[in-house]
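Residue strings, one per chain:
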Amino acid sequence: MVFNRRTFLATAAAALLTGGRARGALPDAIIPLWPGEPPGGGGPTGPLAMSPRGSTSAIAAPSVQVFAPQRPNGSAMIVAPGGGYKRISLQNEGISPALWLAQRGITTYVLSYRLPREGWRAGRLAPLQDAQRAICIVRRGIGDFRPQRLGVLGFSAGGHLMGLAAMRHDFASYQPVDGADREPARTDAAALIYPIVTLEPPFDSTSSRVEMIGQSPPLQLADAWSVDTYVRAGCPPVFLVDAKDDTIANPQHSRILADACRKAGVPVALHELPSGGHGFGMGKSGTPSQAWPNWFEAWLREVNLL
């Protein structure tokens, strides 16, 4: 692991967020995504901001935190937490699912991606550049582990990001910087949990849409940054979960993507919880949302990640 000021901030954040937790909650490594400045440069210059609930912002050093299982099964998963592209819900939607996946033998990489309105000159492309770069780095192999199969898991805005990465795997969002970029930015499966899918009306009031394309964008821009626009034959299998009472990511987002997948012949599994709202992460005990990880585990077996 190469340390500089930016990677030090990312490492310190991980230690603070997981400090005092059970052994194994700390990442095994933190890997910077870029050998120097990210494409275009810019970005925040102050300290990483952390909330009491384990969310981060002012992401100066995009990276992946590695959670290695005791008995790797050959599969890998990149996890993108949500946060409306304003922050990253690192604990609830990053570290918690990473630990769950690692317990099942899947080597997991939690993505801390650039937020588009934090001064990056790449703007709205910055998160997608980080997601594609993470896929290439993981595919090439980190340490002595190179995955046989690679999936992505995204929550809310992270679902939007990983949906774009999965459906637009052949889109070059940046110029290659080293040998890792010779790897295909393709994934074998995509799990999107209460995702933001469309940025078009009438579902255009989300923070993700405003942070990504602004308050009053032209319709063609909203279409260009909607996940369902890019679904076509050959896209990876998709797993979707949402709650019918979600007031942030209307469940219609998942339905729109599921319909697009069915029309294109892409395997899709859509699960709708009767309640649960938004941001339930890996499920809350005593609520309907505690059931979805079991469905997810069964799907992971179907797509040969378990």
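Presented here is an overview of the structure given in this document. This is a predicted model, so every value here is computed, not measured.

## As for helix α3 (residues 125-140)
- Spanning 16 residues, α3 covers 23 Å between terminal C-alpha atoms, matching the ideal 22 Å at 1.5 Å per step.
- For α3, a buried count of 14 out of 16 residues is recorded, marking the element as mostly surrounded by other parts of the structure.
- Gly-141 sits one or two residues past α3 and shows a positive phi near 110°.

## With respect to the pairing of strand β9 (residues 238-243)
- Counting buried residues along β9, 6 of its 6 residues qualify, which places the element largely inside the surrounding structure.
- Residues Val-238, Leu-240 and Asp-242 of β9 are buried on one face, and the alternating residues Phe-239, Val-241 and Ala-243, pointing to the opposite face, are buried as well.
- Relative to β9, strand β8 (residues 189-193) runs parallel, the two being bridged by 4 bridges. Paired with Ile-193 across the two strands is Val-241, which belongs to β9.
- For the crossover that starts at β9, traverses helix α7 (residues 252-264) and ends in the parallel strand β10 (residues 268-273), the hand is right-handed.

## Notes on the environment of Ile-78
- By the element assignment, Ile-78 lies in strand β5 (residues 75-80).
- Note on Ile-78: relative accessible area 0%, which makes it buried.
- When the C-alpha atoms of Ile-78 and Pro-195 are compared, they prove to be 16 Å apart, with 117 residues separating the residues in sequence.

## Side note on the side chain of Thr-187
- Take Thr-187: it is sitting in the loop between α4 (157-167) and β8.
- With residues up to four places along the chain from it excluded, the contact list for Thr-187 reads Ile-135, Arg-139, Leu-150, Val-152, Ala-166 and Pro-236.

## So, the pattern of salt bridges
- Tallied over the full model, the rule gives 12 salt bridges.
- Two residues, Arg-133 and Asp-178, come together in a salt bridge whose shortest N-O distance is 2.8 Å. One end of the pair, Arg-133, is in helix α3; the other, Asp-178, is in the loop between α4 and β8, and 45 residues separate them in sequence.
- Residue classification places Arg-133 among the buried positions, given a relative accessible area of 3%.
- Taking relative accessible area as the criterion, Asp-178 reaches 29% and is therefore assigned partly exposed.
- Notably, a salt bridge pairs Arg-146 with Glu-183, separated by 3.1 Å at the nearest N-O pair. A residue pair is termed long-range when its members are at least 10 positions apart, and Arg-146 in the loop between α3 and β7 (149-155) and Glu-183 in the loop between α4 and β8 qualify at 37 residues.
- When its relative accessible area of 17% is taken as the criterion, Glu-183 is described as buried.
- Each of the salt bridges in this network shares a partner with another, and the network as a whole consists of Arg-104, Glu-297 and Arg-301.

What counts, and at which threshold
Residues numbered from 1 in each chain as written. Predicted model: local features only at pLDDT ≥ 70, side-chain atom pairs only at ≥ 80, totals over all residues. Heavy atoms only, no water. Helix = DSSP H or I, 4+ residues; strand = E, 2+ residues; numbered from the N terminus. Expected span 1.5 Å × (residues − 1). Buried < 20%, exposed > 50% of the residue type's maximum accessible area, 1.4 Å probe, protein only. Pairing = 2+ DSSP bridges. Right-handed = clockwise from strand over helix to strand, strands pointing away. Contact = heavy atoms within 4.5 Å. Salt bridge = Lys/Arg side-chain N within 4 Å of Asp/Glu carboxyl O.

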